[in-house]
Amino acid sequence: MVLLVGAIVLGTSCTAPFNIDVGGVEGVKLGDGGPSTARVLQLEQRMHDLVRQSRQEAGLKALAIRFDVCEVARSHSDAMLKGRFFDHEDLAGRDEAERLQRQGIQFDRVDEVIGFVVARDGITMSDLDAIHAKLVSQDSPDTRAIILDPKWTDVGYGVAVSDGDNTVYVTGVFLEYPDRAIGVKSGDISEPPA
C-alpha cells in the first residue's frame with residue numbers, strides 16, 4: 001500500500017510516500033456519524049505524544065496541552081477535510097491567530113503546522129508517525145523550527161478523519177503564553193502579589 005503524506009508551512013508543500021499497516025479503534029460517534037470520538041481523541045493524543053518525545057529528545061520542556069486550542073485545531077482540520085483545501089488560512093481567509101482570537105483564546109505568539117495522509121486501506125497510528133516524522137525532519141526546516149521552538153508554552157493538536165477512514169488532516173497550534181498574575185479581590189485582600 002502506498003499513501004501520500006503532506007506537510008506545509010509558509011506556503012511550501014512537501015510530500016513523500018510511506019508504507020504502513022496498523023488497525024483502528026471503535027467508540028461513540030461524532031454528531032455527523034463520522035469517525036468515533038474515541039478514535040479522533042486517540043489520534044490527537046498520538047500527535048501530542050510525538051511532539052513531547054521530539055522536544056524531550058532535543059532537551060526542551062514538554063508543552064501544556066490546551067483543550068480549547070485542540071478544539072480550534074480540530075475545527076481547522078475538519079474545515080480542510082470538508083472544504084478540500086490544504087492551507088493555514090481557512091476558506092474565509094482566517095489564519096491560526098484569527099481563529100484563536102475568535103474563540104477568546106489569548107496568546108503572545110502563535111504558529112501552526114499542518115499535515116495530511118491519504119491511505120487506501122485506512123488511517124493508522126503509523127500514518128501519524130509519518131506526518132510527524134516529515135514535520136520534524138531536516139528536510140522540513142520551517143516546521144521543525146516551529147515544533148522545536150524553546151519559547152512555546154502550550155500546544156493543541158486537532159485531527160479530522162474522513163468517513164471512509166482513508167484521509168486524515170492534522171493541525172498543530174503552538175502558543176507562547178507566559179506566566180501571568182491574575183488579580184482578584186476578596187474581603188480585605190486587595191493588593192496585587194509582590
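Every chain's residues receive numbers from 1 upward, in the order its sequence appears when written. A pLDDT threshold of at least 70 governs which residues receive local features in this predicted model, and a stricter bar of 80 or more applies before side-chain atom pairs are shown or counted, although totals over entire chains, interfaces and linings include all residues. Remark: hydrogens and water are excluded; side-chain values derive from all non-hydrogen atoms of the structure.

Q: So what's going on with the overall build of the protein? Residues and values would help.
A: Helix and strand assignments follow DSSP, with helices taken as H or I runs no shorter than four residues and strands as E runs no shorter than two, numbered in order from the N terminus. Looking only at helices and strands, the protein has five helices and six strands in total. Under the convention used here, a 1.4 Å probe and the Shrake-Rupley method define accessible areas, while residue burial counts only the protein chains that appear. Put simply, the protein shows about 10300 Å² of open surface, and 49% of that area lies on carbon and sulfur atoms.

Q: Could you give an account of the nonpolar core, naming the residues involved and the relevant values?
A: Counting residues in hydrophobic clusters, the biggest one holds 27 residues, and the most contacted among them are L128, I131, I147, Y157, V168, V170 and F174. Only α1 (37-57), β4 (109-118), α4 (125-135), α5 (141-147), β5 (154-161) and β6 (167-176) provide two or more residues apiece to this core. The element that contributes the greatest number of residues to this core is α1, accounting for five residues. Here, nonpolar core means buried Ala, Val, Leu, Ile, Met, Phe, Trp, Tyr and Cys residues that are tied together by side-chain atoms lying within 4.5 Å of each other. Summary of the burial criterion: residues with accessible area below 20% of their type's maximum are buried, those above 50% are exposed, and those between are partly exposed, where the area comes from a 1.4 Å probe applied to protein chains only.

Q: Help me get a handle on the pattern of salt bridges, residues and values and all.
A: Note on definitions: salt bridges are taken to be side-chain nitrogens of Lys or Arg within 4 Å of carboxyl oxygens of Asp or Glu. Under the defined criterion, the tally for this structure stands at eleven salt bridges. For the salt bridge of D165 with R39, the shortest nitrogen-to-oxygen distance reads 3.0 Å. Residue D165 is found in the loop between β5 and β6, and its partner R39 is found in helix α1; the two are separated by 126 residues along the sequence. Residue class for D165 comes out partly exposed when judged on its relative accessible area of 23%. R39 sits in the buried class, given a relative accessible area of 6%.

Q: Break down the packing of α1 against α4 for me, citing the residues and quoting the values.
A: Packing of α1 against α4 brings their axes to within 10 Å, and their N-to-C directions diverge by 40 degrees. It follows that α1 is oblique to α4 by the angle criterion. The way α1 lies across α4 gives a crossing that is right-handed. Facing Q42, L43, R46, M47, L50, V51 and S54 of α1, the residues of α4 in contact are M125, L128, D129, I131 and H132. Residues belonging to the contact of α1 with α4 are distributed by class as follows: seven nonpolar, three polar and two charged. Angles here are taken between N-to-C directions and fall from 0 to 180 degrees, while the axes themselves are lines fitted to C-alpha atoms, restricted in helices to the stretch in contact. For this classification, under 35 degrees means roughly parallel, over 145 means roughly antiparallel, 65 to 115 means roughly perpendicular, and everything else is oblique. When the near helix sits turned anticlockwise from the far one by under a right angle, the crossing is termed left-handed; a clockwise turn instead gives a right-handed crossing. Contacts: residue pairs with any heavy atoms within 4.5 Å of one another. Residues were grouped as follows: Ala, Val, Leu, Ile, Met, Phe, Trp, Tyr, Cys and Pro as nonpolar; Asp, Glu, Lys and Arg as charged; and all remaining residues, including Gly, as polar.

Q: Any chance you could break down the confidence of the model for the protein for me, citing the residues and the numbers?
A: Averaged over the protein, the pLDDT score is 80; the fraction of residues at 70 or greater is 73%. Every residue in residues 1-33 is under pLDDT 50, and counting partners more than four places away or in other chains gives 84 contacts. A residue's pLDDT is the predictor's confidence in that residue, given on a scale from 0 to 100.

Q: Explain helix α2 (residues 67-83) to me, and be specific about the residues and the numbers.
A: A helix is expected to span 1.5 Å for every residue after the first. An ideal rise of 1.5 Å per residue puts 24 Å on 17 residues; α2 measures up with 24 Å between its terminal C-alpha atoms. Of the residues making up α2, those classed as buried are V69, C70, V72, A73, H76, S77, M80 and L81. Looking at the buried residues of α2, the elements they touch are α1, β3 (64-65), α3 (96-102), β4, β5 and β6. Count one or two residues on from α2 and you reach R84, which has phi positive near 55 degrees.

Q: Which residues make up the packing of aromatic side chains, and what are the values?
A: Pairing of aromatic rings covers Phe, Tyr and the six-membered ring of Trp, with a centre-to-centre limit of 6.5 Å; geometry is then stacked below 30 degrees between planes, edge-to-face above 60, and tilted otherwise. Scanning the model with the defined rule gives five aromatic pairs in all. Look at W152 and F174: their rings are 6.1 Å apart centre to centre, the planes differ by 40 degrees, and that puts the pair in the tilted class. Of this pair, W152 sits in the loop between α5 and β5 while F174 is found in strand β6, placing the two residues 22 residues apart along the sequence. Look at F174 and you get buried, because its relative accessible area is 0%. An angle of 85 degrees between the planes, with centres 6.0 Å apart, marks the rings of Y157 and F174 as edge-to-face. Here F174 lies in strand β6 and Y157 lies in strand β5, a separation of 17 residues in the sequence. We note that Y157, like F174, is buried. Ring pairs connect the aromatic residues F86, F116 and Y169, which therefore count as one cluster. Sitting over the face of the ring of Y177, R66 holds its NZ or CZ atom 5.4 Å from the ring centroid. Throughout this description, the term charge over a ring refers to an Arg CZ or Lys NZ atom that lies within 6 Å of the ring centre and within 35 degrees of the ring normal.

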